[in-house]
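Descriptive analysis of the structure
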Amino acid sequence: MVRLGPTTHSSPTTDCGLARSAAPRVVESRRLRQAGLLTLLAAAAMSTGCQKALFPENAPRTQFEAYEIMRQRYVPLEQPDVFGTPRPAVRARLTPER
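On a predicted model such as this, the values are computed, not experimentally measured, just so you know. (Residues numbered from 1 in each chain as written. Predicted model: local features only at pLDDT ≥ 70, side-chain atom pairs only at ≥ 80, totals over all residues. Heavy atoms only, no water.)

Comments concerning the overall build of the chain
Within the chain, the regular secondary structure consists of 3 helices and 2 strands. Mapped from its N terminus to its C terminus, the chain presents α and β elements in the order α-α-β-β-α. Per-residue burial for the chain yields a buried fraction of 2% across its 98 residues. Taking contacts inside the chain between residues at least 6 apart in sequence as the whole, the part at least 24 apart equals 3%. Approximately 10,000 Å² of the chain is accessible, and the part contributed by carbon and sulfur atoms is 60%. (Helix = DSSP H or I, 4+ residues; strand = E, 2+ residues; numbered from the N terminus. Buried < 20%, exposed > 50% of the residue type's maximum accessible area, 1.4 Å probe, protein only. Contact = heavy atoms within 4.5 Å. Areas by Shrake-Rupley, 256 points an atom, 1.4 Å probe, with all protein chains shown as cover.)

See the structure below:
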């Protein structure tokens, strides 16, 4: 005769039938999977950052610059100094028109 009730001897399994040592492995596996997913998302975000610039350097910044370019009265924003470092072209912008 086979007995199907609860047993009184100690067993290495829990009530759900899994071994006691399997539960930490599941948590460890889940953490490893989450870390891998997070790393994958970070790599995807970093790789999409190298795209064409939204506003190119040679495009006019304002409607006024576009108007001055069309009328050939455009004065550049910056001028290189003696050492080649770009500096604001204050003198060129403040001189009266001729």
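Examining unusual backbone geometry
One non-glycine residue, Q72, adopts positive backbone phi at about 55°. Judged by relative accessible area, which is 72%, Q72 ranks as exposed.

Regarding a nonpolar patch on the surface
Residues L37, L40 and L41 make up a contiguous nonpolar surface patch of about 320 Å² in total accessible area. Among the structural elements, L40 can be located in helix α1 (residues 22-47). Note on L40: relative accessible area 57%, which makes it exposed. (Patch = residues over 30% accessible without salt bridge, like charges linked within 9 Å, V, L, I, M, F, W, Y side chains within 5 Å. Salt bridge = Lys/Arg side-chain N within 4 Å of Asp/Glu carboxyl O.)

Topic: the confidence of the model for the chain
For the chain, the mean per-residue pLDDT works out to 77, and 72% of the residues sit at or above 70. Summarising per-element confidence for the chain, the mean pLDDT is lowest in α1 (81) and highest in strand β2 (residues 86-88) (93). (pLDDT = per-residue confidence, 0-100.)

Re the side chain of E65
In this structure, E65 sits in helix α2 (residues 63-70). Buried E65, no salt bridge; nearest opposite-charge side chain is R93, N-O distance 4.8 Å. Excluding anything up to four places from it in sequence, E65 contacts P60, Y74 and L77. (Lys, Arg positive; Asp, Glu negative; His and termini not counted.)

Observations regarding the pattern of salt bridges
Here the structure, examined in full by the defined rule, presents 1 salt bridge. R87 is the partner of D81 in a salt bridge, and the nearest nitrogen-oxygen pair spans 3.4 Å.

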